[in-house]
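Examination of the molecular architecture
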Amino acid sequence: MRKLLSYFLVFTLIVTTVGVINVGADEKELKWNGFIYQVHNDTVANNKHVLIEDYVGTEKQITIPKEIDGIAVTELAEKFTCTSDITSVKIMDTMLKPEGLTWCETLEKIFVEDNSIRYKVIDGILYNKKVTSLLCYPSAKQKREYIAPKTVTETYGLQQMLLKNKSLKDVTFTSVVPDCTNTNIENVKITGNISYIPEGSFRECKNLKTVVIGSKVDFIERDAFYGCVSLQSVKLSNNLRSIYSCAFGKTKIKKVKIPKSVDYIDYDVFPTKTKIMKPSYLRKTVNPWNKSQHCYKAYVIAKIKSGTKKYRASNVTKITTTNKKVKLKKGKTHKIKTRVFVSKIKKAGFIKNDILKFTSSNNKVAKVTQGGKIKALRKGRTTITVMMRTFEKKLHTTRKKYKIKVKVL
């Protein structure tokens with residue numbers, strides 16, 4: 001048994017050694033017109049291809065060849081060193097892996113062959129044909145602003161862009177937020193269909209000064225902007241629901257306005273000196289395990305005979321009213337009173353209107369104040385919609401809103 005094991009080990013060693021020798025022979029460094037390259041032998045596909053490692057020639061504008069000595073050029077080294085100071089490069093459709101261009105520190109612009117079926121260039125920036133992936137943003141491109149196309153859904157190229165290019169200061173993300181940690185951006189806008197800001201995505205961006213968060217953003221995860229020591233201004237989305245712990249910790253935000261849609265603000269979201277202008281329905285809640293910490297939660301306040309009763313807004317399953325058909329004479333008013341169901345159980349009393357939103361389908365017939373008072377203006381019909389400002393998306397149906405039919409006589 002020991003002899004068999006010994007023979008097996010010797011055989012394995014011989015096969016491994018031969019393999020290494022063959023690979024080394026196929027992948028020796030070669031030079032052609034200033035390009036340093038290797039020829040790789042693909043034993044599975046039974047063909048060869050060229051990998052370009054470097055360019056050491058004298059040209060400033062270069063074209064990556066389709067082939068060298070009849071062998072297709074399909075790949076750049078992962079870190080294309082680019083010893084020469086090239087400013088532009090043209091690549092062909094035979095190139096399958098061009099991402100190494102990101103490491104070329106003097107590159108300003110990229111070109112592709114006419115009618116390329118593999119790539120697309122927009123303003124000298126290289127994307128795949130469908131513009132779902134940013135393949136290379138030239139490291140020496142002298143432009144302050146970049147707006148990501150809405151079609152770009154992969155984050156890696158965006159992250160490399162921010163790490164390599166030092167000129168970019170103003171960036172707009174429209175479909176996905178990459179890891180921007182420790183980058184040099186100064187102003188950021190998060191728009192389009194982005195629904196959340198990932199954990200730690202802008203952590204330690206020490207030059208970041210302003211942040212604008214678009215209407216589709218639903219929540220901001222923990223530490224999203226933590227340690228952005230120059231951040232002074234943030235504009236929050238009017239549809240924002242939750243902000244999690246330390247999201248804006250260790251920033252210079254002096255004051256912030258919380259929109260009337262937020263249901264929850266976690267512990268230590270803002271620095272202790274930040275003035276938080278919040279809706280009245282958000283109530284301070286002290287951390288029972290750390291009395292120095294507090295968060296804010298949305299509560300529904302019901303007025304009952306013995307005083308008031310509060311219920312966590314996220315536990316509300318339905319709101320309704322006692323009168324869903326109202327007739328008014330011109331100039332008259334009607335006060336809307338709303339009842340609440342918590343965990344599907346109807347509660348006593350009527351709730352305060354600060355957590356409700358009121359709209360009229362025809363303001364010329366009757367308008368409604370945000371305090372819930374309807375005023376008849378002229379003869380006709382309109383519909384008043386009453387809904388909770390805060391809601392869980394999965395429950396945002398007729399359960400957390402109701403309608404009142406109004407007829408003005």
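Structure: see above.
This is a predicted model, so every value here is computed, not measured.

Turning to the packing of aromatic side chains, a few remarks are in order. The description of an aromatic ring pair uses the distance of the two centres, along with the angle that the planes make with each other. Counted by the stated rule, this structure contains 10 aromatic pairs. Measuring from ring centre to ring centre gives 5.0 Å for Phe-35 and Tyr-55, while their planes differ by 55°; the resulting arrangement is tilted. Of the two residues, Phe-35 sits in strand 2 (residues 35-42) while Tyr-55 sits in strand 3 (residues 47-55), which places them 20 residues apart along the sequence. Across the pair, exposure class does not vary: Phe-35 and Tyr-55 are buried alike. On the numbers, 5.4 Å between centres and 15° between planes, the contact of Tyr-196 with Phe-219 is stacked.

Right, let's get into unusual backbone geometry. For Asn-33, which is not glycine, the phi torsion reads 50° and is therefore positive. As for its placement among the helices and strands, Asn-33 is situated in the loop between strand 1 (30-32) and strand 2. In the Ramachandran plot, Ser-343 falls in the positive-phi region, its phi being about 50° despite a non-glycine side chain. By the secondary structure assignment, Ser-343 is in the loop between strand 29 (338-342) and strand 30 (345-346).

All right, on to the sheet that holds strand 27 (residues 325-328) then. Taken in spatial order, the four strands line up as 27-36-35-32 in an open sheet, and their pairing is mixed. If you trace the sheet from one side to the other, it starts and ends with strand 27 and strand 32 (356-360), each paired once. For this sheet the average axis-to-axis angle between neighbouring strands, irrespective of direction, equals 25°. In terms of strand pairing, strand 32 meets strand 35 (residues 380-388) through five bridges, oriented antiparallel. In the strand pairing of strand 35, Leu-356 is matched with Met-388.

Attention now goes to the pattern of salt bridges. Considering all chains together, one arrives at nine salt bridges under this definition. Here Asp-123 makes a salt bridge to Lys-141, at a shortest N to O gap of 3.4 Å. In this pair, Asp-123 sits in the loop between strand 9 (119-122) and strand 10 (125-128) while Lys-141 sits in the loop between strand 11 (134-136) and strand 12 (145-147), placing the two residues 18 residues apart along the sequence. The exposure class assigned to Lys-141 is buried, which follows from its relative accessible area of 9%. The network of salt bridges with shared partners includes Asp-123, Lys-141 and Lys-143.

Thresholds applied
- Counting restarts for each chain, with residues numbered from 1 along the sequence as it is written.
- With the structure being a predicted model, the display of local features is reserved for residues of pLDDT at least 70 and the display and counting of side-chain atom pairs for 80 or more, all residues being used for whole-chain, interface and lining totals.
- Hydrogens and waters are ignored; side-chain quantities use all the structure's heavy atoms.
- The rule is short: rings of Phe, Tyr and Trp, with Trp giving its six-membered ring, pair when the centres are within 6.5 Å, and they are stacked under 30 degrees, edge-to-face over 60, tilted in between.
- Strands here mean DSSP runs of E at least two residues long; helices mean DSSP runs of H or I at least four residues long; both are numbered from the N terminus.
- Exposure categories follow from relative accessible area, calculated using a 1.4 Å probe and restricted to protein chains: below 20% of the type maximum is buried, above 50% is exposed, and the middle band is partly exposed.
- Note on pairing: DSSP must find at least two bridges between two strands before they are called paired.
- Axis definition: a line fit to C-alpha positions, over the contact stretch in the case of helices; interaxial angles, taken between N-to-C directions, run 0 to 180 degrees.
- Basic side-chain nitrogens of Lys or Arg form a salt bridge, by our definition, when they fall within 4 Å of a carboxyl oxygen of Asp or Glu.

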